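Remarks on the overall topology
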Amino acid sequence: MIFFAAIKLRKKIPKEEYKFRIPGGQGLFVAMCVVPVIVTFAAFFINGTDYFIGGMVGIISGPVMYIIWKKKYGGLSRKYPELYPIDEKTGLAKGDLKRMSFNALLIAVMGFIAVPWLRWFEGGWGPEYYAETYDSGVTKVLFGNFDGMINAILIAAVLFAVGAAVLYLLHLRWNRTDKL
């Protein structure tokens, strides 16, 4: 997400205010941001089902921590309330529900892509590998069953798709201009 934010900020901030300049212009800057995103995306899908699940838990922790820190510390709206107004209904920044719905949709899409991909990529050896590697304790319950992990990814993807729709509908409902 940092790379996407960098590209967005480069478009938003006037060139005179750039803190640092990169030779090669905007095209090279975008390439420098897009390549790591592609590598990261590919790594999610080729490192294995257990690492995919771990990575997705890491991604989910970002929005959760954002909500906690926003409620506790106020974020930029505390310093610049006119630039970053608070949505009275959510206590978050204006537009956060829309951004969170997009993030949830992105996670759902990654899950829907992962299910057939991981079945194909690890299907021939995955069940035996995970049963053997995670053969005791809590790790056996979490990662010892390949089909169980794939089903958990699918269930999570469906839940995130539903969550994305709910968040977006709440965003639309609470941001209507024709209040009745």
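Residues numbered from 1 in each chain as written. Predicted model: local features only at pLDDT ≥ 70, side-chain atom pairs only at ≥ 80, totals over all residues. Heavy atoms only, no water.

**Observations regarding the environment of Val115**
Rules: The way it works is that DSSP assigns letters per residue, a run of H or I at least four long becomes a helix, a run of E at least two long becomes a strand, and they are numbered from the N terminus. Per-residue accessibility, obtained with a 1.4 Å probe over protein chains only, is compared with the maximum for each type, and a residue is labelled buried under 20%, exposed over 50%, and partly exposed between these values. By definition in these notes, contact holds between two residues if any of their heavy atoms fall within 4.5 Å.
Examined against the element boundaries, Val115 turns out to sit in helix H5 (residues 96–122). Judged by relative accessible area, which is 10%, Val115 ranks as buried. Measuring from C-alpha to C-alpha, the distance between Val115 and Ala165 comes to 21 Å, with 50 residues separating the pair along the chain. Beyond its immediate stretch of four places on either side in the chain, Val115 contacts Ile150, Ile153 and Leu154.

**Section: the packing of aromatic side chains**
Just so we agree on the cut-off: Whether two aromatic rings pair depends on their centres lying within 6.5 Å, for rings of Phe, Tyr and Trp, where Trp uses its six-membered ring; planes under 30 degrees apart make the pair stacked, over 60 edge-to-face, and the rest tilted.
Inspection of the entire model under this criterion finds 11 aromatic pairs. Both rings, one in Phe45 and one in Phe52, keep their centres 5.5 Å apart while their planes meet at 40°; by these two values the pair is tilted. Phe52 matches Phe45 in its accessibility class, with the two residues each being buried. A ring pair is formed by Trp120 and Phe121, whose centres lie 6.4 Å apart and whose planes are at 35°; its orientation type is tilted. The exposure class of Trp120 is exposed, given its relative accessible area of 63%. When its relative accessible area of 30% is taken as the criterion, Phe121 is described as partly exposed. These aromatic residues form a ring-pair network of at least three members: Trp125, Tyr129, Tyr130, Tyr134, Phe143 and Phe146.

**Points about the nonpolar core**
Condition: Residue types Ala, Val, Leu, Ile, Met, Phe, Trp, Tyr and Cys, when buried and joined through side-chain atoms within 4.5 Å, form a set referred to as a nonpolar core.
Among the nonpolar cores identified, the biggest contains 16 residues, and Phe44, Phe45, Phe52, Met56, Ala114, Leu118 and Ile153 are the most heavily contacted of them. Contributing elements (two or more residues each) for this core: helix H2 (25–46), helix H3 (49–73), H5 and helix H8 (146–174). Ranked by residues supplied to this core, first place goes to H5 with 5 residues. Not counting residues within four places of it along the chain, the set of residues in contact with Leu118 comprises Phe45, Gly48, Thr49, Phe52, Gly123, Phe146, Ile150 and Ile153.

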